[in-house]
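Residues per chain, in single letters:
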Amino acid sequence: MESASRIKVLLVERDEENYLILHDLLRSAEGRVFDLDWVTMYGVALARLCENQYDVCLLDYSLGNANGLDLLREAIEGGSKTPTILLTEKEDLTVDI
């Protein structure tokens, strides 16, 4: 499949089970090919986001000592233009907003 139809996805997630679920879902999607890169560490994720090499980032809210909002803010300050979807699982409207 030609590279124009490939979608580069960065997943920032500490939980391997969530990575495996997403990996299987993306693999089964018809009509598109997803290149999924998975990172678990804040610093690595920040560097990757600031490289602007991804079509989309799926960013978990819970990242240990920091959170996804902190990472997103820092990435934007570092020049990231990568569209990012924050995954919360918090059931907290304040965090969702």
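Notes on the structure follow. Since we're looking at a predicted model, the values are computed, not measured. (Residues numbered from 1 in each chain as written. Predicted model: local features only at pLDDT ≥ 70, side-chain atom pairs only at ≥ 80, totals over all residues. Heavy atoms only, no water.)

Helical periodicity: at 3.6 residues per turn, an α-helix aligns residues three or four positions apart in one direction. Inspection of helix 3 (residues 68-77) places G68, L71 and A75 among the buried residues, and these make up the whole buried set. Viewed end-on, helix 3 has its buried residues packed into an arc of 60°, placing them on one side of the element. Among the exposed residues of helix 3, those pointing more than 90 degrees away from its buried face are R73, I76 and E77. For helix 3, the secondary structure elements touched by its buried residues are strand 1 (6-12), helix 2 (42-50), strand 3 (56-60), strand 4 (62-63), strand 5 (66-67) and strand 6 (84-87). Sitting at the amino-terminal end of helix 3 is N67, which places a side-chain oxygen 2.8 Å from the backbone nitrogen of L69. Backbone geometry just downstream of helix 3 places G79 in the positive-phi region, at approximately 100°. (Buried < 20%, exposed > 50% of the residue type's maximum accessible area, 1.4 Å probe, protein only. Helix = DSSP H or I, 4+ residues; strand = E, 2+ residues; numbered from the N terminus. Arc of directions from axis to C-beta. Contact = heavy atoms within 4.5 Å. Polar contact = N/O pair within 3.5 Å; in protein donor to acceptor, adjacent residues only side chain to side chain.)

A few words on the sheet that holds strand 6. Overall, parallel pairing links the 4 strands, which are arranged 2-1-3-6 in an open sheet. Bordering the open sheet on either side are strand 2 (33-39) and strand 6, each of which pairs with just one other strand. Sheet twist, expressed as the mean angle between neighbouring strand axes with direction ignored, is 20°. Packed onto the sheet, helix 3 meets strand 1, strand 3 and strand 6 and runs at close to 145° relative to strand 3. (Pairing = 2+ DSSP bridges. Axes fitted to C-alpha atoms, helices over the stretch in contact; angles between N-to-C directions.)

What follows concerns the pairing of strand 1. In the sheet, strand 1 pairs with strand 2 via 7 bridges, with the strands oriented parallel. When the bridges of strand 2 are listed, V9 appears paired with L36. Viewed along the sheet, the connection from strand 1 through helix 1 (residues 16-28) into strand 2 turns out right-handed. (Right-handed = clockwise from strand over helix to strand, strands pointing away.)

Its location among the elements puts L36 in strand 2. Given a relative accessible area of 17%, L36 falls into the buried group. Along the backbone, L36 and I7 are 29 residues apart, and their C-alpha atoms lie at a distance of 8.4 Å. Those residues within four positions of L36 in sequence are excluded, and the remaining contacts are V9, L11, Y19, L22, H23 and L26.

What follows concerns the pattern of salt bridges. One pass over the structure, following the stated rule, counts 2 salt bridges. Here D35 ties to R6 by a salt bridge, and the two come within 2.9 Å at their closest N and O atoms. Of this pair, D35 sits in strand 2 while R6 sits in strand 1, and the two are 29 residues apart along the sequence. For R6, a relative accessible area of 30% corresponds to the partly exposed category. Put simply, R73 and D70 hold a salt bridge, and the shortest N to O gap is 3.7 Å. One end of the pair is R73 and the other is D70, both in helix 3 and 3 residues apart, which spans about a single turn. With relative accessibility at 32%, the residue D70 sits in the partly exposed group. (Salt bridge = Lys/Arg side-chain N within 4 Å of Asp/Glu carboxyl O.)

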